[in-house]
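Close look at the chain arrangement
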Amino acid sequence: MTYDAILFDVDGVLLDLHADHPSVYRQAVATTFDEFGVSPGDADLDAFVSGATVEEMRRTCSEHGVEFETFWPRRETNASDLQCEMMDDGERLPYGDCAVLHELVDEHDMGVVSSNQHATVEYMLARFDLEHLFDAVYGREPTVEGFRRTKPDTHYVERAMADLGVAEGLYVGDSACDVSAARRAGLDSAFVRRPHREDYALPEEPTYEISSLVALLDLPGVAPSSS
């Protein structure tokens, strides 16, 4: 079997993670609250990062008299703007092994599916001259529903596969939700155990585990000799 398509996550797979990655989102939330005339406490910021739920974020906004559906798009824009600035300043760059993408695209259709903002993903691909490699690109829409549809939900994975018009795919990610989304969508998964995932435990086994994108070339269904 040869994979018709290879889909990639972005953060921690194509684009390196900033050492203080969570603080970027806290800053975006703080900036957004400030736009609404609110001085948030630590608990308010915590409600919007790591493990946040729509219900918790909505409750926090309500406590400050802020309409969540109005707050959320501003938060998404602020988070995207901060990340794009980091790319421009050289604080976030593609991993060196992204060079292998130029070999993979000769044999496979390729796409990007990220839980990051779609604007951030598009900017990253354009900023680093990668956009021509991918025929399907999905980040989350700047809406509450867009947030609900992020991985492990299969919504954006399935849309990418439909855009590519293929059935057999491999999803390359660096988190449990990536592995889960791939399985739920009927795709195989390749978990990239980069240094920031050294002690990361997976609740379910991926199809493959690799330490570099270069190792994709050796996987069954990916290697040119198998096509």
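What counts and how
- Residues numbered from 1 in each chain as written.
- Predicted model: local features only at pLDDT ≥ 70, side-chain atom pairs only at ≥ 80, totals over all residues.
- Heavy atoms only, no water.
- Helix = DSSP H or I, 4+ residues; strand = E, 2+ residues; numbered from the N terminus.
- Rg over C-alpha atoms; globule rule 2.2 N^0.38 Å.
- Buried < 20%, exposed > 50% of the residue type's maximum accessible area, 1.4 Å probe, protein only.
- Areas by Shrake-Rupley, 256 points an atom, 1.4 Å probe, with all protein chains shown as cover.
- Lys, Arg positive; Asp, Glu negative; His and termini not counted.
- Charge placed at Lys NZ, Arg CZ, Asp CG, Glu CD.
- Contact = heavy atoms within 4.5 Å.
- Axes fitted to C-alpha atoms, helices over the stretch in contact; angles between N-to-C directions.
- Parallel < 35°, antiparallel > 145°, perpendicular 65-115°, else oblique.
- Left-handed = near helix turned anticlockwise from the far one by under 90°.
- Nonpolar A, V, L, I, M, F, W, Y, C, P; charged D, E, K, R; others polar.
- Salt bridge = Lys/Arg side-chain N within 4 Å of Asp/Glu carboxyl O.
- Core = buried A, V, L, I, M, F, W, Y, C linked by side-chain atoms within 4.5 Å.
- Phe/Tyr/Trp six-rings, centres within 6.5 Å; stacked < 30°, edge-to-face > 60°.

Attention now goes to the overall build of the protein. Check the secondary structure of the protein and you find nine helices and six strands. Relative to its length of 227 residues, the protein is compact, with a C-alpha radius of gyration of 18 Å against a globular reference of 17 Å. Per-residue burial for the protein yields a buried fraction of 51% across its 227 residues. When the accessible area of the protein is evaluated, it comes to approximately 10,100 Å², of which 47% is carbon and sulfur surface. Here the protein carries 17 positive and 45 negative side-chain charges, and the mean point of each set is 6 Å from the other.

By the burial criterion, the buried members of helix α8 (residues 155-164) are His 155, Tyr 156, Val 157, Ala 160, Met 161 and Leu 164. Residues of α8 that are buried make contact with β1 (5-8), β2 (109-117), β3 (136-140), α7 (144-148), β4 (169-173) and α9 (176-184). Backbone geometry just downstream of α8 places Gly 165 in the positive-phi region, at approximately 70 degrees.

On to the packing of helix α4 (residues 68-88) against helix α6 (residues 118-127), then. α6 packs onto α4 with a crossing angle of 15 degrees between their chain directions and a minimal axis gap of 9 Å. In terms of their interaxial angle, α4 and α6 are classed as roughly parallel. Of the two elements, α4 crosses α6, and the hand of that crossing is right-handed. Side by side, α4 and α6 meet where Ser 80, Gln 83, Cys 84, Met 87 and Asp 88 of the first sit next to Ala 119, Thr 120, Tyr 123, Met 124 and Arg 127 of the second. Taken together, the residues of the contact of α4 with α6 sort by class into five nonpolar, three polar and two charged.

Attention shifts here to the packing of helix α3 (residues 54-63) against α4. α4 packs onto α3 with a crossing angle of 110 degrees between their chain directions and a minimal axis gap of 10 Å. Comparing the axis directions of α3 and α4 gives the class roughly perpendicular. Note on element contacts: α4 touches α3 through Phe 68, Glu 69, Phe 71 and Trp 72, opposite Val 54, Met 57, Arg 58 and Cys 61.

In this structure the tally under the stated criterion is 18 salt bridges. With a shortest N-O distance of 2.8 Å, Arg 59 and Glu 63 are connected by a salt bridge. On the criterion of helical spacing, the pair formed by Arg 59 and Glu 63 is a turn pair, its members being four residues apart in helix α3. One salt bridge in this structure joins Arg 194 and Asp 97, with 2.9 Å as the shortest N-O distance. Of the two residues, Arg 194 sits in the loop between β5 (188-192) and β6 (208-210) while Asp 97 sits in the loop between α4 and α5 (101-104), which places them 97 residues apart along the sequence.

Following the sequence through the fold, Glu 198 ends up in the loop between β5 and β6. Judged by its relative accessible area of 60%, Glu 198 falls in the exposed class. As a C-alpha pair, Glu 198 and Phe 33 span 165 residues in sequence and 35 Å in three-dimensional space.

It is worth spelling out the nonpolar core at this point. The biggest cluster of nonpolar side chains holds 33 residues, and the ones touching the most others in it are Phe 8, Leu 14, Leu 104, Phe 134, Val 172, Leu 213 and Leu 216. Counting only elements with at least two residues in this core, the list comes to β1, α5, β2, α6, β4, β5 and β6. Counting residues per element, this core draws most heavily on α6, at three residues. With sequence-adjacent residues up to four places away left out, Leu 14 is seen in contact with Phe 8, Asp 9, Leu 93, Pro 94, Tyr 95, Cys 98, Leu 101, Val 112, Met 124, Phe 134 and Leu 213.

Taken as a whole and judged by the stated rule, the model has nine aromatic pairs. Taking 6.0 Å as the distance between ring centres and 10 degrees as the angle between the ring planes, the aromatic pair formed by Phe 191 and Tyr 200 counts as stacked. Under the relative-accessibility criterion, Phe 191 is labelled buried at 0%. Residue classification places Tyr 200 among the partly exposed positions, given a relative accessible area of 25%. Counting every residue linked through ring pairs, the aromatic cluster contains Phe 33, Phe 36, Phe 48 and Phe 71.

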